[in-house]
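# Tertiary structure, described
If you want the building blocks of each chain, they are given just below.
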Amino acid sequence: EPLQSTQAETMLLLRRASRHALAQRRALSAAPIASVEPTVKPARPEFSSGPCAKRPGWSPSIYESAATGRSHRSAIGKQKLKDAIETTREVLNIPSDYKIAVVPASDTGAIEMAMWSMLGERPVDMCHWESFGKGWLGDVTSQLKLDNVTEITAGYGELPDLTKTNKDHDVVFTFNGTTSGVRVPDLDWIADDRTGLTFNDATSAVFAMDIDWKKVDVTTYSWQKVMGGEGAHGMLILSPRAVERLESFTPSNRPLPKIFRMTKKGKLDEALFTGATINTPSMVCVEDYLDALQWAQAQGGLSGLIKRSEANLEAVTKWVESTEWAHFLAKDVSTRSSTSVCLTLDTDPANVKAMVKMLEDQDVAYDIGAYRDAPAGLRIWCGATVNTEDLEALFPWIEYAFAECS
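Attention in this report is confined to the structure presented alongside it.

Parameters at a glance
- Residues numbered from 1 in each chain as written.
- Predicted model: local features only at pLDDT ≥ 70, side-chain atom pairs only at ≥ 80, totals over all residues.
- Heavy atoms only, no water.
- Helix = DSSP H or I, 4+ residues; strand = E, 2+ residues; numbered from the N terminus.
- Expected span 1.5 Å × (residues − 1).
- Buried < 20%, exposed > 50% of the residue type's maximum accessible area, 1.4 Å probe, protein only.
- Contact = heavy atoms within 4.5 Å.
- Salt bridge = Lys/Arg side-chain N within 4 Å of Asp/Glu carboxyl O.
- Pairing = 2+ DSSP bridges.
- Axes fitted to C-alpha atoms, helices over the stretch in contact; angles between N-to-C directions.
- Parallel < 35°, antiparallel > 145°, perpendicular 65-115°, else oblique.
- Left-handed = near helix turned anticlockwise from the far one by under 90°.
- Core = buried A, V, L, I, M, F, W, Y, C linked by side-chain atoms within 4.5 Å.

### Remarks on helix 7 (residues 302–321)
Each turn of an α-helix holds 3.6 residues, which means side chains three or four residues apart point in the same direction. Here helix 7 is 20 residues long and its end C-alpha atoms lie 28 Å apart, about the 28 Å a rise of 1.5 Å per residue gives. When we look at burial in helix 7, the residues that qualify are Leu 302, Gly 304, Leu 305, Ile 306, Ser 309, Asn 312, Leu 313, Ala 315, Val 316, Thr 317, Trp 319 and Val 320. If you follow the buried residues of helix 7, they end up packed against helix 2 (75–92), helix 6 (283–298), strand 12 (326–328), strand 13 (340–345) and helix 9 (388–405).

### Some words on the pattern of salt bridges
Taken as a whole and judged by the stated rule, the model has 16 salt bridges. Its salt-bridge partner being Glu 230, residue Lys 54 comes within 2.6 Å of it at the nearest N-O pair. Of this pair, Lys 54 sits in the loop between helix 1 (2–30) and helix 2 while Glu 230 sits in the loop between strand 8 (218–222) and strand 9 (233–238), and the two are 176 residues apart along the sequence. Glu 314 is paired through a salt bridge with Lys 318; the nearest N and O atoms lie 3.7 Å apart. One end of the pair is Glu 314 and the other is Lys 318, both in helix 7 and four residues apart, which spans about a single turn. Taken together, the shared-partner salt bridges connect Glu 121, Arg 122, Asp 170 and Arg 245 into one network.

### Brief notes about the sheet that holds strand 14 (residues 378–381)
Reading across the sheet, the three strands line up as 12-13-14 and stay open at both edges, with antiparallel pairing between neighbours. Each edge of the open sheet carries a strand with a single partner, namely strand 12 and strand 14. Within this sheet the neighbouring strands show an average axis-to-axis angle of 35°, counted without direction. Bridge analysis of strand 12 against strand 13 gives three bridges, and the strand direction is antiparallel. Residue pairing for strand 13: Ala 326 is matched across the bridge by Leu 345.

### Side note on the packing of helix 3 (residues 106–118) against helix 4 (residues 131–143)
Running from N to C, helix 3 and helix 4 cross one another at 40°; their axes reach a closest spacing of 11 Å. One way to sum up the angle between helix 3 and helix 4 is to call them oblique. For the crossing formed where helix 3 meets helix 4, the hand is right-handed. Residues Asp 107, Thr 108, Ile 111, Glu 112, Met 115 and Trp 116 of helix 3 form the contact with helix 4, whose own contacting residues are Trp 136, Asp 139, Val 140 and Gln 143.

### What about the nonpolar core?
Formed by 88 residues in total, the largest nonpolar core has its most connected members in Phe 173, Phe 207 and Ile 398. Excluding residues within four positions of it along the chain, Phe 173 makes contact with Cys 127, Trp 129, Leu 187, Trp 189, Ile 190, Thr 198, Phe 199, Asn 200, Asp 201 and Val 216. Grouped together as the second largest cluster of nonpolar side chains are 32 residues, Val 103, Met 126, Val 140 and Val 172 included.

### Here's the deal with the pairing of strand 1 (residues 99–104)
Most of strand 1 is tucked away: five of the six residues are buried. Looking at chain direction, strand 1 and strand 9 are connected through six bridges and run antiparallel. Its bridge partner being in strand 9, Val 103 is matched across the sheet by Gly 234.

### Here we look at unusual backbone geometry
Residue Pro 51 is reached from Gly 50 by a cis peptide bond, and omega for that bond is -10°. One non-glycine residue, Lys 265, adopts positive backbone phi at about 55°. On the basis of relative accessibility, which here comes to 88%, the residue Lys 265 falls in the exposed class.

### Comments concerning the environment of Glu 389
Relative to the elements of secondary structure, Glu 389 occurs in helix 9. For the pair Glu 389 and Asn 312, spaced 77 residues apart in sequence, the C-alpha to C-alpha distance is 8.8 Å.

### Details of the sheet that holds strand 2 (residues 124–128)
The strand order across the open sheet built from seven strands is 1-9-8-7-4-2-3, with neighbouring strands paired in mixed fashion. Edge positions in the open sheet fall to strand 1 and strand 3 (149–153), since each of these has one partner strand only. Pairs of neighbouring strands in the sheet enclose a mean axial angle of 15°, with direction left out of account.

Everything listed here is a matter of coordinates, which is why it stays silent on function.
In structure tokens form, the structure reads like this:
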């Protein structure tokens, strides 16, 4: 009996201790977050999603070798543009029979000239899950006025069912949703025996994600994203099938501005794909891109760039998992972007806006507010030119701003 009495008392004490510990945990979780200003700031506070951070170690001195004051059609100008094309091919492992061109008006110009020149030959599947893809849908239906269009869509944070695309249709999609932080995990949904063309807007994916080139016929991007280059110039990459479409299909009753024209007398303008640009490029911007490509090679090429970006995503993931009020906008782990990382916070949009302003005023983080059409939150660029240690220095400041502004 004394033994039974001792056991009962022990159980009672354990239950009381358990209730006390639970009460303490609840009190701590309900308590306000400690507001202590961090002492270390990111060495480079540029986390904008475009134009993006320059490569580590960049300085204006790289422009000393630029062909400034020279014609882009001079021998040196042509050589630099050709070097930009061929070094791009080398870093991205682009097949030798694919054509690459420097084109006007950034990624927007590149994707628009492709759509205006090639769409309309057959039905089109327009896939979008964020603002830019939705914009391409609007251009196809309202400007090109194509009527045989299927919209395949999902809301912010989600990826639509891309297996609904038809291999006999043309398909337009964004590889990585810059404003939603949602990417395609792979291109297995694209048939190898397709008869339609695939149009891949890869502006915030290329140089940070592996692209299976045999799955894409038209790929576009700009220098200002993963490579941290300057704006206004786009890149257009065409498969042999895309070239065949250009040479065999002429849209009826569709005027094509000069900056959209890629053929002459029914044949591909080969000069365009060796550096003879349609209009005058900035040789300063060309030099900047060449410098970024050389840095990419020094990182080990594409695999090195992917490793840097994925390390940045891993750092954000660890922080989010330890922060109960921060969440990825991307619902599925496999679709999380490693470049344009989008987060939602458990606070009012006005508080988020105040946080973003505070971090910018403190020179801690520039331009990290969510895109204007996206859910309120943060959009932190984690491409290859961003150093992981700068992200790790940023996180305590986000916590501090959250405590100050919530």
